[in-house]
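As a plain string of letters, each chain reads:
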Amino acid sequence: MEKNNINTPLNNKKILKNYVIIVFLTVFGLAVDLVLKTAFTGKYYGLIDGVVSIFYTENTGAGFSVLSNSTTFLTILTAVILLALIVVNVFIKPQSKAYAIGMGLVLAGAVGNLVDRIFLGYVRDFVKLEFMDFPIFNFADVCLTVGAVVLCCVLLFSKQGKEKKEKYIKDLENYVC
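Undergrad: What am I meant to see in helix α3 (residues 97-120) here?
TA: The α-helix winds at 3.6 residues per turn, so residues separated by three or four positions along the chain end up facing the same way. Compared with an ideal rise of 1.5 Å per residue, which puts 24 residues at 34 Å, α3 spans 34 Å between its outermost C-alpha atoms and is within 8% of the ideal. Count one or two residues on from α3 and you reach G121, which has phi positive near 85°.

Right, dumping it as structure tokens:
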């Protein structure tokens, strides 16, 4: 049996600490996102000339204006994905801090944009990159992107990630079949 799969008090403390990291980053990231969205609602001004500005916009779609005016669909889709991520974290106990950080950031970003969709019917975006043609985005989008990159690195490059992926697939097969 693999060392990380052994149910020891030391391993349980490690897993618990990683769950705490996930919850902390989710709550902290959500709080920062909501504060920034509130602070920049309706604002338009340059931060660094020719590089980045605050340019408030209301997005009823997803990134790159995909699925514009699809708030209900995107709200349901996001809620289902969030539920799936929570279930995954029950099966894949977070063994590494990198995984916990990535998952916490992904959850913070997803919840941040979900809150906007539920209560406002759109997502508040406000960061505009002036030096390139790129969609306007928000802090939740940054959390989602950075978290997804971290999770991909963990799952693709760490031995632990590969083992967890194989175990998850096996558990999922047993659950579905």
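There's plenty left to go through after this.
Undergrad: Before we go on, may I ask you to explain the pairing of strand β1 (residues 44-48) in this structure?
TA: One ladder, built from four bridges, connects β1 with strand β2 (residues 52-59); its direction is antiparallel. Across the sheet, residue I48 finds its bridge partner in β2, namely V52. Counting the residues in the hairpin turn of β1 and β2 gives three residues, including G50, whose phi is positive at 75°.

Undergrad: Sorry if this is basic, but what is going on with the environment of K14 here?
TA: In this structure, K14 sits in helix α1 (residues 9-40). Measuring from C-alpha to C-alpha, the distance between K14 and K97 comes to 9.0 Å, with 83 residues separating the pair along the chain.

Undergrad: What is the right way to look at the packing of aromatic side chains in this model?
TA: The geometry of an aromatic ring pair comes down to the distance between the two centres and the angle between the two planes. This structure, assessed with the given rule, holds five aromatic pairs. Note on Y44 and F55: the rings are 5.2 Å apart at their centroids and 80° apart in plane angle, and the pair reads as edge-to-face. Separated by 11 residues along the polypeptide, Y44 in strand β1 and F55 in strand β2 bring together distant segments of the chain. For F55, a relative accessible area of 36% corresponds to the partly exposed category. An aromatic cluster is present here, built from F40, Y45 and F126 joined pairwise through their rings. Its guanidinium or amino end placed over the ring of F55, K128 lies 4.7 Å from that ring's centre, counting from NZ or CZ.

Calculation rules
- Residues numbered from 1 in each chain as written.
- Predicted model: local features only at pLDDT ≥ 70, side-chain atom pairs only at ≥ 80, totals over all residues.
- Heavy atoms only, no water.
- Helix = DSSP H or I, 4+ residues; strand = E, 2+ residues; numbered from the N terminus.
- Expected span 1.5 Å × (residues − 1).
- Pairing = 2+ DSSP bridges.
- Phe/Tyr/Trp six-rings, centres within 6.5 Å; stacked < 30°, edge-to-face > 60°.
- Buried < 20%, exposed > 50% of the residue type's maximum accessible area, 1.4 Å probe, protein only.
- Lys NZ or Arg CZ within 6 Å of the ring centre and 35° of its normal.

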